[in-house]
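Listed here are the chains, written in short residue letters.
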Amino acid sequence: MVLPIITYPHKTLKMRSKAVKQFDHELHTFLDDMYETMMAKNGIGLAAIQVSHPIRALILSIPNEKGDQHKENLLEIINPVIHATKGSTLYQEGCLSVPGFYEDVERFESLTLRYQNRYGHEVTLEAHELLAIAIQHEMDHLEGKLFIERLSYNRRKKFEKEYKKALKEKK
Ligand code: QAP
Ligand code: CO
């Protein structure tokens, strides 16, 4: 089932998400719905809060060299904690909850992540490049933070102006 995605400035996006405690059928169905939703909207990452569910779960489907997304490469990341970081990098980010706007954001270049999969099993992951960037973007959602909050004052103003204009034109 494709779920509705909430968009900025929806207040729910500012909520801090709660730890997942039950790795049951209900969670699995929800993760499947998140996947369907992300693919339907042409996303590479989605946090549960973006479909109004304030739990510490996110999914990532990073495209390969050809630009194809394969279900075998789907990551379902629950209760993640970053244990080490290295370097810094700039990448032009977007977000399904901030449609139509893209801007450079500074992130760690690589990181070590510990999380649980859909069965509650502990996983350790070394992430680099786009995967590392996407993890940081999605983990911000768990804290109620959007990438636009990481822009400089001037770029944030540019965003507010462009976004409001786009919202008006949609009506
Ligand atoms: C987060 O973002 C991300 O504005 C995932 O009209 C972004 O999937 C991680 C999207 C950049 C790493 C780098 C955005 C689709 C998708 C839009 C997305 C839009 C349609 C964003
Ligand atoms: Co996002």
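What counts, and at which threshold
- Residues numbered from 1 in each chain as written.
- Chains lettered and ligands numbered in written order.
- Predicted model: local features only at pLDDT ≥ 70, side-chain atom pairs only at ≥ 80, totals over all residues.
- Heavy atoms only, no water.
- Helix = DSSP H or I, 4+ residues; strand = E, 2+ residues; numbered from the N terminus.
- Expected span 1.5 Å × (residues − 1).
- Buried < 20%, exposed > 50% of the residue type's maximum accessible area, 1.4 Å probe, protein only.
- Arc of directions from axis to C-beta.
- Donors = N, O, S within 2.8 Å, 3.2 Å for Na, K, Ca; no water.
- Near = heavy atom within 4 Å.
- Polar contact = N/O pair within 3.5 Å; in protein donor to acceptor, adjacent residues only side chain to side chain.
- Areas by Shrake-Rupley, 256 points an atom, 1.4 Å probe, with all protein chains shown as cover.
- 1 Å grid on protein atoms, 1.4 Å probe; cavity = no way out; pocket = protein on both sides within 12 Å on 5 of 7 lines; lining within 4 Å.
- Sits in = over half its atoms within 2 Å of the grid points.
- Nonpolar A, V, L, I, M, F, W, Y, C, P; charged D, E, K, R; others polar.
- Phe/Tyr/Trp six-rings, centres within 6.5 Å; stacked < 30°, edge-to-face > 60°.
- Contact = heavy atoms within 4.5 Å.

Chemist: Mind laying out helix α3 (residues 153-170), listing which residues take part and the relevant values?
Modeler: When the terminal C-alpha atoms of α3 are compared, their 26 Å separation across 18 residues agrees well with the 26 Å that a helix rising 1.5 Å per residue should span. Turning to α3, its buried residues are F159, E160 and Y163. Summarising the axial view, the buried residues of α3 lie within an arc of 100°, below the 170-degree limit, and thus occupy one face. Exposed residues on α3 whose side chains face more than 90 degrees from its buried face are N154, K161, K165, K168 and E169.

Chemist: So what's going on with unusual backbone geometry? Residues and values would help.
Modeler: Geometrically, the link from Y8 to P9 is a cis peptide bond, its omega value of 5° lying close to zero. One non-glycine residue with positive phi stands out, namely N79, at about 50°. Looking at where N79 falls in the secondary structure, it is placed in strand β3 (residues 75-86). Backbone geometry at E129 places phi at a positive 50°, although glycine is not the residue there.

Chemist: Please give an account of the coordination of the cobalt ion (ligand 2) that cites residues and values.
Modeler: The reference angle at a metal is 109.5 degrees if four donors form a tetrahedron and 90 or 180 degrees if six donors form an octahedron. Coordination sphere of the cobalt ion (ligand 2), protein contribution only: C95 (SG), H137 (NE2) and H141 (NE2), at 2.1 to 2.2 Å. Mapped onto the sequence, the residues coordinating the cobalt ion (ligand 2) show the spacing C-x41-H-x3-H. With C95 in the loop between β4 (89-93) and β5 (103-107) and H137 in helix α2 (residues 129-142), this residue pair connects regions lying 42 residues apart in the sequence. The same class applies to C95 and to H137, which are both buried.

Chemist: Any details on the site of ligand 1? Residues and values, ideally.
Modeler: Neighbouring ligand 1 are 19 residues, the closest being G43, I44, G94, G100 and Y102. In this structure, an oxygen atom belonging to ligand 1 sits 2.8 Å away from a main-chain N or O atom of I44. A distance of 2.8 Å is found between an oxygen atom of ligand 1 and a backbone nitrogen or oxygen belonging to G100. Contact with the protein chains hides 84% of the accessible area of ligand 1, taken as 510 Å² for the molecule alone. If you map ligand 1 onto the pockets, it falls in the largest pocket. Secondary-structure elements contributing two or more residues to the shell around ligand 1 are β4 and α2. In terms of residues, the shell around ligand 1 owes the most to one element, α2, which gives five residues. Class assignment for the residues of the shell around ligand 1 results in ten nonpolar, six polar and three charged.

Chemist: Explain the packing of aromatic side chains to me, using residue names and the numbers behind them.
Modeler: Note on aromatic pairs: each is described by the distance of the centres and the angle between the planes. Under the definition given, this model contains five aromatic pairs. The interplanar angle of 35° and the centroid separation of 5.0 Å between the aromatic rings of F159 and Y163 together place this pair among those described as tilted. Remark: Y163 and F159 occur in helix α3; sequence separation between them is four residues, near one turn of the helix. An identical accessibility class is assigned to F159 and Y163; each is buried. Connected via pairs of aromatic rings, a cluster forms that spans Y8, F101, F147, F159 and Y163.

Chemist: Give me the lowdown on the side chain of N79, citing residues and values where you can.
Modeler: Classification of N79 as buried rests on a relative accessible area of 15%. Among the polar contacts made by the side chain of N79, one reaches the main-chain amide nitrogen of V20 at a distance of 2.9 Å. In contact with N79, not counting residues within four places along its chain, are A19, V20, F23, R56, R114, Y115 and Q116.

Without other data, these values stay purely geometric and don't point to any function.
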